[in-house]
Amino acid sequence: MTTDLETRAAAARPGALRRAAPALLGYAAVRALGLVVLALWSEARGKSAYTLLTARWDSLWYTRVAELGYGYEVRLPNGDVHSNLAFFPLLPWLERLAAAVSPLSYADGGFVVSLLASLAAAWGIFAVADHLYGPRAGACAVLLWAVLPVGIVQSMAYSESLFTALAAWALYAVLTGRWVTAGLLAGLAGLTRPVGLAVVAAVWAAGTAAFLRERAGSSFVGDGSAVPADGARGDGRAGPPPDAPRTGAPYGAPQQPHSPGVRLRRVAGMLLAPLGAAGYVLWVGARTGDGPLGYLEVQAGWRNGFDGGYAFARFVAGRLTSFPSALAGVALIAGVALVVWLYVLCVRRRQPLPLLVYAGTVTALALCASSYFGSKPRLLMPAFPLLLPLALALARARTRLLAAGLGTAAAVSAAYGAFWLNGSGPP
């Protein structure tokens with residue numbers, strides 16, 4: 001029987017990297033453009049682009065954790081307490097490791113980790129999209145993620161790139177039946193950001209669907225999205241719908257869903273998935289003395305919580321009361337509508353269950369958080385499955401039109417990123 005280790009080795013064979021190389025080169029070019037524009041813009045304003053990327057906002061909290069550990073807090077005049085326990089430990093651990101094995105500072109380490117993680121994230125996004133729709137759609141998905149308006153965050157010493165890399169590869173592992181790998185990656189994602197819950201939910205949803213399909217006597221192909229066995233389509237024609245995800249696993253992943261070994265690895269993966277997030281949350285509770293809900297108390301000190309979107313709705317409504325802030329309010333409404341529309345498209349296109357669960361959870365946690373409204377675009381950045389319907393549409397476009405459109409988007413993204421970091425920036 002093929003082992004999980006053997007399938008991981010098959011996935012990592014050189015051919016996989018060659019297949020992804022055009023997408024990764026395109027991604028690197030977009031990120032390089034963003035960094036060059038940021039450097040020129042910052043120089044014109046008398047600021048350091050490198051400082052903006054590595055020593056501002058959350059980057060400072062991460063490097064402080066890497067250098068001094070947990071226990072630092074800031075008490076504000078209004079009584080709020082900002083504790084560094086709000087920041088999950090994987091990125092600071094990697095910053096500390098980089099500083100220990102090289103002459104890099106903690107901030108330098110964070111920057112290097114983010115650059116490498118962003119490439120790993122791009123590769124993971126390509127792997128997922130290629131598995132479902134083919135390499136051209138995979139490349140389009142990667143480039144769409146690169147040219148997001150807040151794409152500059154992918155090059156900052158923040159945890160978004162690291163989290164997206166772990167999430168993308170965890171989802172790919174689920175789609176191709178590598179359950180132990182999926183569980184391990186989900187556990188690491190849970191040590192990276194609170195939204196690691198979304199990866200855990202995806203693994204558990206896929207695993208539960210697999211068990212239910214087994215009990216019902218149907219075959220599970222890794223993601224629960226197989227087309228009808230008789231090849232029937234809703235429009236009365238033979239074969240799967242043109243936009244339906246492809247089934248089967250590339251790179252040699254096995255398809256033996258009912259064997260005892262697969263069931264055992266599936267259970268192991270599901271048990272491993274929540275360990276990272278649960279371990280850190282319980283540790284915070286023990287350290288603060290507030291028990292299992294201690295982490296929620298830490299977030300409350302930052303005035304952050306989950307209120308179903310009520311506070312965000314009030315914030316948007318407040319923008320509509322005067323001009324020109326009403327333009328920002330309309331833009332926010334349009335942005336939320338676009339996100340919801342993309343998710344509906346994902347459902348209608350029968351995206352695999354783990355991707356729907358993951359993207360839905362990331363989106364819900366981002367839009368329904370009760371604070372830091374300016375951070376919502378970057379909090380949505382890991383929800384890359386929302387981009388897959390657009391990637392599939394772009395993959396059908398002529399190459400010249402595609403290059404022109406994505407090139408224009410890359411230039412706009414680079415300019416906006418430079419303007420944003422030299423202004424209010426991401427909190």
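These notes cover the structure that comes with them.

Cut-offs applied
- Residues numbered from 1 in each chain as written.
- Predicted model: local features only at pLDDT ≥ 70, side-chain atom pairs only at ≥ 80, totals over all residues.
- Heavy atoms only, no water.
- Salt bridge = Lys/Arg side-chain N within 4 Å of Asp/Glu carboxyl O.
- Helix = DSSP H or I, 4+ residues; strand = E, 2+ residues; numbered from the N terminus.
- Phe/Tyr/Trp six-rings, centres within 6.5 Å; stacked < 30°, edge-to-face > 60°.
- Buried < 20%, exposed > 50% of the residue type's maximum accessible area, 1.4 Å probe, protein only.
- Axes fitted to C-alpha atoms, helices over the stretch in contact; angles between N-to-C directions.
- Parallel < 35°, antiparallel > 145°, perpendicular 65-115°, else oblique.
- Contact = heavy atoms within 4.5 Å.
- Nonpolar A, V, L, I, M, F, W, Y, C, P; charged D, E, K, R; others polar.
- Expected span 1.5 Å × (residues − 1).
- Core = buried A, V, L, I, M, F, W, Y, C linked by side-chain atoms within 4.5 Å.

A word on the pattern of salt bridges
Following the criterion strictly, the structure yields eight salt bridges and no others. A salt bridge links Asp80 to Arg303; its shortest N-O distance comes to 2.7 Å. Taken together, the positions of Asp80 in the loop between strand S1 (73-75) and strand S2 (81-83) and Arg303 in the loop between helix H13 (294-301) and helix H14 (310-319) put the pair 223 residues apart, joining distant regions of the chain. A single salt-bridge network, built from bridges that share partners, covers Asp58, Glu160, Arg193 and Arg378.

Regarding the packing of aromatic side chains
A full pass over the atoms with the stated rule returns 18 aromatic pairs. With a centroid separation of 5.5 Å and an interplanar angle of 15°, the aromatic rings of Trp61 and Phe87 are classed as stacked. Of this pair, Trp61 sits in helix H4 (residues 58-68) while Phe87 sits in the loop between S2 and helix H5 (90-101); the two residues are 26 residues apart in sequence, bridging distant segments of the chain. For the pair Trp61 and Phe87, a shared accessibility class is recorded, and that class is buried. Consider the rings of Tyr280 and Tyr295, whose centres lie 6.3 Å apart with planes at 70°: the pair is edge-to-face. Separated by 15 residues along the polypeptide, Tyr280 in helix H12 (residues 275-288) and Tyr295 in helix H13 bring together distant segments of the chain.

What to know about the packing of helix H8 (residues 160-175) against helix H10 (residues 196-216)
Here H8 crosses H10 at 0°, and the two axes come no closer than 10 Å. On the basis of their axis angle, the class for H8 and H10 is roughly parallel. Residue-level contacts link Phe163, Ala167, Ala170, Leu171 and Val174 of H8 to Gly196, Val199, Ala202, Val203 and Ala206 of H10. Looking at the contact of H8 with H10 residue by residue, the classes come out as nine nonpolar, one polar and no charged.

Focus on helix H15 (residues 325-348)
For H15, which comprises 24 residues, the first-to-last C-alpha distance of 35 Å matches the rise-based estimate of 34 Å (1.5 Å per residue) to within 8%. Buried residues along H15 sit against H14, helix H16 (353-367), helix H17 (376-380) and helix H18 (388-395). Looking one or two places after H15, you find Arg350, whose phi comes out positive at around 60°.

Observations concerning the nonpolar core
Grouped together as the largest cluster of nonpolar side chains are 110 residues, with contacts concentrated most on Trp145, Tyr358 and Leu421. Ignoring sequence-local partners within four residues, the contact set of Tyr358 consists of Phe163, Ala167, Leu171, Ala198, Val199, Ala202, Pro382, Ala383, Phe384 and Pro385.

Keep in mind that these numbers describe shape and distance, not what the molecule does.
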